[in-house]
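One letter stands for each residue in the lines below.
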Amino acid sequence: MWGSKDNAGANAMLLLQVIVGGLLLGAIYALFSSGLTLIWGMMNFINFAHGEFVMLGMYVALLVVTWLAGGPATFGVAAAFALFVLGVVVYLSLVRHVMRGPMLAQILSTFGLALLLRYTAFWIFSANFVSLPQTSLSGTVNLGGILMPVAQLVAGLVAVSLTVALHLLLTRTAVGSRLLAVAEDRNAAMLMGIRPDRMQALAWGLSAASAGIAGALMATAYPWSPSVGETFGLTAFVVVALGGFGSVPGALYAGLIIGLIQALSAYWFGPIYKDIVVYGLFAALLWLRPQGLMGKA
Amino acid sequence: MKTGTLVLAVALLAYPFVLYDHFYWDIGVGLLLAAISASAWNIVGGYAGQVSVGHAMFFGIGAYVPLLVFNLWQLPPIAGAPLAVALSLVLAVVIGLPTFRLRGHYFSMATIAVAELIRIFIGTWDFVGAAIGLQGPAVGRGWWDLTFRSELPYYYIFLVVLAVLLYVTRAVEKSRFGYYLRAIKAGERAARSLGVPVQQTKLKALLLSAVFTSIAGSLYSIKTGFIDPESGFGILISVQMVIVAALGGAGTLYGPLVGALILVPAQTATNTWFGGGGSGLTYILYGGIILVLARFEPGGLHELWQRLAPRLRRTPRAA
């Protein structure tokens, strides 16, 4: 019944669908990775709990939907706000005290935080996968022959816009200039009347908020469990390593590339290989171009 | 300090006879294994200050290869241990060469990513049992299979390995290599400017550390006779090494052993109190301990003791 030409056409459509899906997920990777790269570039500090921040954003979305029956706009803002506060608190109570300490303390601090958040989430929410109940973003849309879930489309587009917005905030506003000034030279910034502690707290807030929104966006389109934080944390490392440390545009391109590579390797080799390919790419990158694709040595 | 070492040695030697019960022997074996792994990590993570969060990769290789050679060729598992060490050395070079050119967090990130990569890969590879893992000999064919029904022989084998490792660490501490390591930890740029071959020294430390971590893995799988991706390469295996060493004092000779002496019984206690399903709570506890340590006492109990000891001078103690 099916002509080979139809089959080839259907395959091409499927491939296109995989590509679009990968790019949309990659946009969300870009959003939370830009938060990680901001902290990294600004303070030369790695937040090992960044993936857990994304995971918390997802559960904030779930709680807002189930308890307050809030829509996507509500839980998106709620996740951003909750994680912003968490980010500031983590900076003021933890990071500020260890950031100039020994390397072991720096790494252990957020690593301990990651374990604490991950296993507390396991304890409260159990290890089962959950997904959001029906939201106003349910359903699919036909884009010139390829079927995309509305939620995925909206989440991806919002993520791109927010990543661009973060870049504009850093490069086009006074607050952004102050943030970058602290990143450039903490002491010189202090002499210019900028309070580095405030700026760094703000950076942590923005970074965590980007993770929170990214989590909320992803929650609309994908199921999750408390263990996703680990995967997202590693994904963010790979994106930042690819895009260059401290570069938000770099994170955007790299996020899209990683999303695409994951989707294609899942399509061609099978779903279990998507992380293997990405981590393998990371290992290769460390060998070949450790400063990242767009980074300066 | 000499008397302290002697007391510790006598206490560890006598332990199974003081607490003559399988339950306590089992804790003792777990404690020694944790101490061996953490002491091995300590060489590169503590002394050289290169914080690996993926040492499970060496532990996992050490654990898998002995059971693999048993399953493939019916060899005694212990025959796989040297092969595992060789593989771990190769892996250490592959990771160390690129990442040690860079400073800071690169090494930590690379170790996590590679360990996770290997864990996922092993979980999909049928040759090594995929997600199910590998089994050792159910019944020992002779003493060379090292399958004992009692924990006692394992306890003393592990104790010997720990003693060798601590002896090696002590020798490293006193050698020029040991001074290089501490110089790198204190400040890489300064060390380089003073003529320390930074990259080479870091790599050597990683190799030495990988050898003993691999041996720890082999001891584990030979004792339990079973290994799967999570118990060999899981991220929590790496985390445990870091936390045990950091609790006692990273970069000190007895730090990891002290950390294990505290943490392993505490872990057994939480598991007993909260039931078998309490493993999640154990990791919440781990996370909390790590966080508090990093925030308030990054030098671990060793530094705390150094600060408190002068105040307690009026009540001198042997340890």
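Residues numbered from 1 in each chain as written. Chains lettered and ligands numbered in written order. Predicted model: local features only at pLDDT ≥ 70, side-chain atom pairs only at ≥ 80, totals over all residues. Heavy atoms only, no water.

Chain B is annotated in an unreviewed UniProt entry as Branched-chain amino acid ABC transporter permease from Vineibacter terrae. One UniProt comment on chain B, placed under Subcellular location (unreviewed entry), says "Cell membrane". (UniProt positions renumbered as here; feature names shortened; annotations may be inferred.)

Engineer: What exactly am I supposed to notice about the overall build of chain B here?
Structural biologist: Within chain B one finds 14 helices and two strands. Along the first, second and third principal axes, the C-alpha set of chain B runs to 55 × 50 × 35 Å. Burial status across chain B gives 54% buried among its 319 residues. Summing over all exposed atoms, chain B offers an accessible surface of approximately 14,200 Å²; the carbon and sulfur share of this is 68%. (Helix = DSSP H or I, 4+ residues; strand = E, 2+ residues; numbered from the N terminus. Buried < 20%, exposed > 50% of the residue type's maximum accessible area, 1.4 Å probe, protein only. Areas by Shrake-Rupley, 256 points an atom, 1.4 Å probe, with all protein chains shown as cover.)

Engineer: I keep staring at the interface of chain A and chain B and nothing clicks. Help me out?
Structural biologist: Note: interface size is frequently given as the accessible area lost on complex formation between the parts. The interface of chain A with chain B comprises 41 residues on the first partner and 41 residues on the second. Taking both sides of the interface into account, the surface hidden between chain A and chain B amounts to around 3,700 Å²; carbon and sulfur atoms contribute 82%. Among the residues of chain A in contact with chain B, A:L104, A:Y119 and A:W287 are the three that bury the most area, contributing 16% of the side total. The tally of links between chain A and chain B comes to zero salt bridges. At the boundary of chain A and chain B, one finds two residue pairs in polar contact (both at pLDDT 80 or more). Among the secondary structure elements, those contributing two or more residues to the side of chain A that touches chain B are helix 3 (72-98), helix 4 (103-125), helix 9 (228-243) and helix 11 (273-288) of chain A. (Contact = heavy atoms within 4.5 Å. Buried area = accessible area lost by both parts, 1.4 Å probe. Salt bridge = Lys/Arg side-chain N within 4 Å of Asp/Glu carboxyl O. Polar contact = N/O pair within 3.5 Å; in protein donor to acceptor, adjacent residues only side chain to side chain.)

Engineer: Can you help me understand helix 4 of chain A in this one?
Structural biologist: What sets the pattern is the α-helix's 3.6 residues per turn: residues three or four places apart point alike. With 23 residues, helix 4 of chain A ought to run about 33 Å at 1.5 Å a step, and its terminal C-alpha atoms sit 33 Å apart, in line with that. A positive backbone phi angle near 65 degrees is found at A:S126, which sits one or two residues after helix 4 of chain A. (Expected span 1.5 Å × (residues − 1).)

Engineer: In this structure, what is going on with empty space enclosed by the protein? I would like to understand it.
Structural biologist: It is a probe the size of a water molecule, rolled over the atoms, that shows where empty space is left. Applying the stated criterion across every chain yields a total of three cavities of 30 Å³ or more. The computed volume of the largest cavity comes to approximately 140 Å³. If you trace the largest cavity, you find 15 residues lining it, with A:F48, A:F111, A:R118, A:E230 and B:I112 closest to the centre. Of all the secondary-structure elements, those providing two or more residues to the lining of the largest cavity are helix 2 (50-68), helix 4 and helix 9 of chain A. Broken down by element, the lining of the largest cavity gets its largest block of residues, five residues, from helix 9 of chain A. Each residue belonging to the lining of the largest cavity can be placed in one class, and the counts come to eight nonpolar, four polar and three charged. (1 Å grid on protein atoms, 1.4 Å probe; cavity = no way out; pocket = protein on both sides within 12 Å on 5 of 7 lines; lining within 4 Å. Points joined across faces, edges and corners; volume = space filled by probe spheres on them. Nonpolar A, V, L, I, M, F, W, Y, C, P; charged D, E, K, R; others polar.)

Engineer: In this structure, what is going on with the pairing of strand 1 (residues 140-143) of chain A? I would like to understand it.
Structural biologist: Each regular strand carries side chains that alternate between the two faces of the sheet. Residues and elements named next belong to chain A. Relative to strand 2 (residues 146-149), strand 1 is paired through four bridges, and the arrangement is antiparallel. Counterpart to N142 in the pairing with strand 2 is L147. Counted along the chain from strand 1 to the antiparallel partner strand 2, the turn is two residues long, and its residue G144 has a positive phi close to 50 degrees. (Pairing = 2+ DSSP bridges.)

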